[in-house]
Amino acid sequence: MSIAAGFFIDWDGNARNTLDPGGGYLCETDPAARYVAIMTGRGALVHEGTLYASMADIAKAGIKAVLVPGSHPWGRKQDGF
């Protein structure tokens with residue numbers, strides 16, 4: 001796997017950039033499989049997603065998601081994040 005520019009949907013339904021996922025996480029991507037692995041800095045897998053080349057591709061898939069910056073927290077306060 002490698003790191004490719006693109007977008008994925010996080011567990012709260014937000015769109016995130018693979019180059020700046022936030023939360024201290026890193027993304028590994030497989031563009032051929034359209035796969036994103038979101039990992040901790042130590043390599044633990046915390047989330048998996050579909051790799052989209054653009055926000056337009058997310059919309060074409062019928063997904064309504066807001067693009068959030070890496071500074072946007074993962075999870076909700078009510079969930080303890």
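Residues numbered from 1 in each chain as written. Predicted model: local features only at pLDDT ≥ 70, side-chain atom pairs only at ≥ 80, totals over all residues. Heavy atoms only, no water.

Draft legend 1. Focus on the sheet that holds strand 3 (residues 26-30). Pairing within the open sheet is antiparallel, and its three strands lie in the order 3-4-5. Each having just a single partner strand, strand 3 and strand 5 (45-50) make up the two edges of the open sheet. When the angles between neighbouring strand axes are averaged without regard to direction, this sheet yields 20°. As judged from the five bridges shared by strand 4 (residues 35-39) and strand 5, these two strands associate in the antiparallel manner. Note on strand 5: the bridge partner recorded for Tyr35 is Thr50. (Pairing = 2+ DSSP bridges. Helix = DSSP H or I, 4+ residues; strand = E, 2+ residues; numbered from the N terminus. Axes fitted to C-alpha atoms, helices over the stretch in contact; angles between N-to-C directions.)

Draft legend 2. Region of interest: the environment of Tyr25. Mapping Tyr25 onto the fold places it in the loop between strand 2 (15-17) and strand 3. You can call Tyr25 buried: its relative accessible area is 18%. (Buried < 20%, exposed > 50% of the residue type's maximum accessible area, 1.4 Å probe, protein only.)

Draft legend 3. Expanded view of the pattern of salt bridges. As enumerated under the stated definition, the model contains two salt bridges in all. Arg16 is the partner of Asp10 in a salt bridge, and the nearest nitrogen-oxygen pair spans 2.7 Å. The pair Asp10 / Arg16 is uniform in exposure class, with both members buried. Lys60 is paired through a salt bridge with Asp57; the nearest N and O atoms lie 3.9 Å apart. (Salt bridge = Lys/Arg side-chain N within 4 Å of Asp/Glu carboxyl O.)

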